[in-house]
Amino acid sequence: MSQYSAITGWGMYVPEKVMTNADMERIVETSDEWITSRTGIKQRHVAAPNETASTLSIAAARQALERAGIEGKDLGLIIVATVSADYPFPSTANLVQHALGAQCGAFDMQAACSGFLYSLSIAHQFIANGSVKHALVIGVEVLSRVVDYTDRATCVLFGDGAGAVVLSASDQPGGLLGFTIGSDGARPDLLWIPTGGSAEPATEQTIRDRRNFVQMQGSEVFKFATRVMGTAMEEALANAGMTADDMDLFIPHQANLRIIEAASKRLNLPSEKVFVNIQDYGNTSAAAIPIALCEAIDQGRVYPGAHLGMVAFGAGLTWAAAVVQWTAPIATQENSYKAAKAGVKTGTHAEQEKVQV
Ligand code: ACO
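Residues numbered from 1 in each chain as written. Predicted model: local features only at pLDDT ≥ 70, side-chain atom pairs only at ≥ 80, totals over all residues. Heavy atoms only, no water.

Caption draft 1: Looking closely at the site of the ligand. Among the 26 residues in the neighbourhood of the ligand, the closest are listed as T30, R38, C113, R152 and N256. Here an oxygen atom of the ligand sits 2.6 Å away from a polar atom, N or O, in the side chain of R38. Here N256 contributes a side-chain N or O atom positioned 2.7 Å from an oxygen atom of the ligand. Coverage of the ligand by the protein amounts to 72% of the 1,000 Å² it exposes when considered alone. Of the pockets mapped on this structure, the ligand occupies the second largest pocket. Breaking the shell around the ligand down by element, the ones donating at least two residues are α2 (32–39), α6 (152–155), α8 (218–239) and β12 (307–314). The biggest single contributor to the shell around the ligand is α8, with four residues. Both of domain 1 (4–174) and domain 2 (177–328) provide at least three residues apiece to the shell around the ligand. (Near = heavy atom within 4 Å. Polar contact = N/O pair within 3.5 Å; in protein donor to acceptor, adjacent residues only side chain to side chain. Areas by Shrake-Rupley, 256 points an atom, 1.4 Å probe, with all protein chains shown as cover. 1 Å grid on protein atoms, 1.4 Å probe; cavity = no way out; pocket = protein on both sides within 12 Å on 5 of 7 lines; lining within 4 Å. Sits in = over half its atoms within 2 Å of the grid points. Helix = DSSP H or I, 4+ residues; strand = E, 2+ residues; numbered from the N terminus. Domains from an automatic or database assignment.)

Right, here's the structure in full:
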């Protein structure tokens, strides 16, 4: 029975179309100065009419599978974290499973912005107990379809995109070392879409009242987020037997630069240990962390042996955090050096498996 679950593949996809803050100024009463100073956001990507949560997911997933050196048929589980699925049902994961030629269980996971880390912790259970060898975990949102573009307090914040990882069974120490998930459903109205579920089915009136779009009490969510980001990260670190000092890179949910800065301060992290890309994507909810992970890898900030801390908060309210020791090879000379220093084996996952045979 395998003990460890390691990220062996990763991929991301964002729609081509970009909406800058100047574009937002043309839609609602706002300014680049307000958006930048309050949130850190400069632009966000917006899906084309023919793009959906499943098409974005499939593009990100194909990259992740290729990097892991496996095919869809090798997957034992698919989880898609999203609040902007193609349909209320069937699940987006069903559509992804078919497109990838996978023959495994597939389901959607709904914990808003915390969904990707929730899903990672679920996939880990399947791997750690030996029932699955490779799991695909996707975070995806097409929030442009559920955001009210007449509400300046929310529409400037959100963007579309997808990120995916393959989590694989491994005998090599590392991978997902600790996590935490949390929920407080006392105030669902702090961030929600009121209409469209069994509580308030859509009627002409609810649609006229724009209750089929995201509504948010921004400052309440802000206060919750600044508190929970630090405590959740500390809890996951403690579960891994670590402290914030042991983190090599902090990859927080990208909702607001000021929230990221408050969490980093609480964790006493210098800015070079904190990954930020909110300026380019806005808040892509469940997709934000896997997209940030992919970009951190591209920028050479992730290397075998590195300890990554990831934390998110979201509607619900929900929160989640995870600690991952990176084990997959990332081909740069500097990384080989750092990996050797950390005593970590390199080579693709498939190559490592061959060595073990
Ligand atoms: N442009 C200009 N002015 C604006 C805009 C805008 N886009 N939006 C709001 N304002 C105005 C408000 O109307 C208000 O004006 P008033 O004082 O005349 O009433 C003023 O700016 C201040 O509004 P606040 O809400 O107090 O501004 P705040 O500093 O709290 O920043 C923000 C607002 C950015 C939304 C912040 O509260 C925030 O980031 N909250 C957390 C939101 C979040 O992260 N949500 C995602 C959760 S994750 C998920 O699951 C999707």
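Caption draft 2: Structural context of the domain arrangement of the protein. Segmentation of the protein into domains returns domain 1 (4–174) and domain 2 (177–328). Averaged C-alpha coordinates put domain 1 and domain 2 at centres separated by 13 Å. Residue-level contacts link 54 residues of domain 1 with 47 residues of domain 2. Carbon and sulfur atoms make up 69% of the surface buried where domain 1 meets domain 2, a total of about 3,900 Å² over both sides. When the area that domain 1 buries against domain 2 is broken down by residue, the three leading residues are W10, C113 and L117, summing to 17%. R210 is the salt-bridge partner of D148, the closest N and O atoms lying 2.9 Å from each other. At the boundary of domain 1 with domain 2, the tally comes to 21 residue pairs in polar contact (both at pLDDT 80 or more). Every element with two or more residues in the side of domain 1 that touches domain 2 is listed here: β1 (4–13), α2, β3 (43–45), α5 (115–128), β6 (134–142), α6 and β7 (160–170). Here the element with the most residues in the side of domain 1 that touches domain 2 is α5; it accounts for seven residues. (Contact = heavy atoms within 4.5 Å. Buried area = accessible area lost by both parts, 1.4 Å probe. Salt bridge = Lys/Arg side-chain N within 4 Å of Asp/Glu carboxyl O.)

Caption draft 3: Molecular detail of the pattern of salt bridges. Inspection of every chain in the model, using the stated rule, returns nine salt bridges. Close ionic contact of R266 with E234 constitutes a salt bridge, the shortest N to O distance being 2.8 Å. Of this pair, R266 sits in helix α9 (residues 257–266) while E234 is found in helix α8, placing the two residues 32 residues apart along the sequence. The exposure class of E234 is partly exposed, given its relative accessible area of 32%. Residues participating in the shared-partner salt-bridge network are E71, K73 and D74. (Buried < 20%, exposed > 50% of the residue type's maximum accessible area, 1.4 Å probe, protein only.)

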